[in-house]
Amino acid sequence: MNSKSNTQAMETEKIPRLLAQLAIPAIVAQIINLLYNIVDRIYIGHISGVGAAALTGVGLFTPILMLINAFAMLAGSGGAPRAAISMGKKDNKTAEKILGNCFSLLVLMAITLTVIFFILAPKLLILFGASAKTLPYAVAYARIYILGSIFVLIVLGMNPFITTQGFAKISMLTTIIGAVINIILDPIFIFVFNLGVKGAAIATVLSQAVGAIWILRFLSGKKTILHLKKENFKLEKEIILPCLALGISTFVMLSTESILSISFTSSLSRYGGDIAVGAMTIITSISQLATLPLQGICQGGQPIMSYNFGAGNKGRVKKAFFTQFKVCTIFTTLFCIIVISFPRLFAGIFSNNTELITYTAWALRIYMAGIFSLGFQVCCQQSFMALGQAKVSLLLACLRKLILLIPLIFILPLFIQNKVFAVFLAEPISDILAAIITTITFLSRFNKILDKE
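Residues numbered from 1 in each chain as written. Predicted model: local features only at pLDDT ≥ 70, side-chain atom pairs only at ≥ 80, totals over all residues. Heavy atoms only, no water.

Help me understand the packing of helix α11 (residues 274–311) against helix α14 (residues 354–367) in this model?
Helices that pack against each other are described as a pair by the angle of their axes relative to one another and the distance between those axes. Where α11 meets α14, the closest approach of the two axes is 9 Å, and the angle between their N-to-C directions is 55°. Judged by the angle between their axes, α11 and α14 are oblique. Note on packing geometry: the crossing formed by α11 with α14 is right-handed. Between α11, through I275, A276, G278, A279, M280, I282, I283, I286 and S287, and α14, the contact on the second element is made entirely by E355, L356, Y359, T360, A363, L364 and Y367. (Axes fitted to C-alpha atoms, helices over the stretch in contact; angles between N-to-C directions. Helix = DSSP H or I, 4+ residues; strand = E, 2+ residues; numbered from the N terminus. Parallel < 35°, antiparallel > 145°, perpendicular 65-115°, else oblique. Left-handed = near helix turned anticlockwise from the far one by under 90°. Contact = heavy atoms within 4.5 Å.)

Now the structure itself:
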């Protein structure tokens, strides 16, 4: 599909078919993207003799990982919808400026984050709950991953600009190439070269480096609609600030994942010890099997809504939203049923430790009880972003985690005798409450937003 037909499809193609064309590659890409972390954890969890401790140690790196991802998506999720809206207005020059400015911002953030996190990694990991047993594994993995964070930021921050132009398959290939390389290199570095968690980190960094090169070659090549040009690298306040204003909601969502991870691990370490923290590491990976495909669906819907919003096609914006809404809710409902029905099956993927599997299966059923409602919440919150509604999107991004979940993690154990049960119970309660509030807010404002534009 050439660039002209991509643009025409946004205006004329049937919405369900167009959503499928854009969302399916994005979903595949998100699922494959899971392999960057999940494959590492599967191999690490099965290292003979030290697998459980090593897995817990790598899990303690999650807050830093989430912060790196958050800064990447500050530029990517804020810039891509703005670029799509400009393309809908037939203003590709501004869209290219947005692309160039976001790339420069990503490079600056990568340099800054690498220096800060590399120096502070040991202290931060202890703060997150690392014990004397798990700290060496956590530091070994963290410092190597941090040195390659520039590749992570480029992949996560620039890939949305490929999807938003309608090149969903190219975006998917970015993650497929990286994931395949990661899968091949992981056992070689971990077991053949006997590097353990260091080998897992090296494999991940190398695979992300290949993904970054792939993206930069495409965005500077002939097939892309928006080109990465040197003249657009100079940061302009009127270009980058609206992108940051829109991207801040995704940044808050991901950065609060870091605070959330700290809250969970510190509470679980206090009430349940290393085995509870290890269970949380596994549960975090399993929950990504729901959240990342959900993001893929919304990535497919975002260009359709943003482009047609910019073009003034209200009917197509509504059709795109309600189609996306149905798909999101069906997916999360099915996922909830499957995980709650077979928790040991999912837990067993990550460890061969019987005690850890049994504990994780018990906790998983509690944690996942409200995940069916996540489809409502994520779909509506991401749709606010697609329509350029930065302020309300930011508020709703804060709602589920900062306003509801994190306080509940510390409040519920005060009233429930089983403290670990209380910590895990905070998740489904916040999921359901946030979904109800977000859905009502979006549906009450949807027509007003379209009429105002």
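What's the story with the nonpolar core in this structure? I'm lost.
As a rule of thumb, soluble globular proteins bury nonpolar side chains together. In terms of nonpolar packing, the biggest core is built from 144 residues, with I44, Y141, M158, F264 and F424 touching the most fellow members. When residues in this core are grouped by element, the largest group, 16 residues, is from α11. Beyond its immediate chain neighbours, meaning those up to four positions away, M158 contacts L99, C102, F103, L106, L153, I215 and L219. (Core = buried A, V, L, I, M, F, W, Y, C linked by side-chain atoms within 4.5 Å. Buried < 20%, exposed > 50% of the residue type's maximum accessible area, 1.4 Å probe, protein only.)

Explain the pattern of salt bridges to me, please; I cannot follow it from the model alone.
A pair can form between side chains of opposite charge whenever their charged atoms are brought close. Across all of its chains, the model carries 5 salt bridges by this definition. The closest approach of N and O atoms between E96 and K229, which form a salt bridge, is 3.1 Å. Taken together, the positions of E96 in helix α5 (residues 92–127) and K229 in the loop between α9 (197–219) and α10 (237–272) put the pair 133 residues apart, joining distant regions of the chain. Overall, the relative accessible area of 11% leaves E96 in the buried class. Of the residues examined, K229 reaches a relative accessible area of 30% and is grouped as partly exposed. Here E427 and R400 are joined by a salt bridge, their closest N and O atoms 2.8 Å apart. A residue pair is termed long-range when its members are at least 10 positions apart, and E427 in helix α17 (residues 419–452) and R400 in helix α16 (residues 390–411) qualify at 27 residues. Here the salt bridges do not stand alone but share partners, grouping R400, E427 and D431 into one network. (Salt bridge = Lys/Arg side-chain N within 4 Å of Asp/Glu carboxyl O.)

Teacher, can you tell me more about the side chain of N232 here?
Assignment of secondary structure puts N232 in the loop between α9 and α10. For N232, a relative accessible area of 8% gives the class buried. With residues up to four places along the chain from it excluded, the contact list for N232 reads E96, K97, G100 and N101.

Would you take a moment to explain the confidence of the model for the protein chain for this structure?
Reading predicted coordinates in detail is not appropriate for stretches of low pLDDT. For the protein chain, mean pLDDT is 89; residues scoring 70 or higher make up 97% of the total. Per-element mean pLDDT across the protein chain ranges from 66 in helix α1 (residues 3–12) up to 95 in α5. (pLDDT = per-residue confidence, 0-100.)

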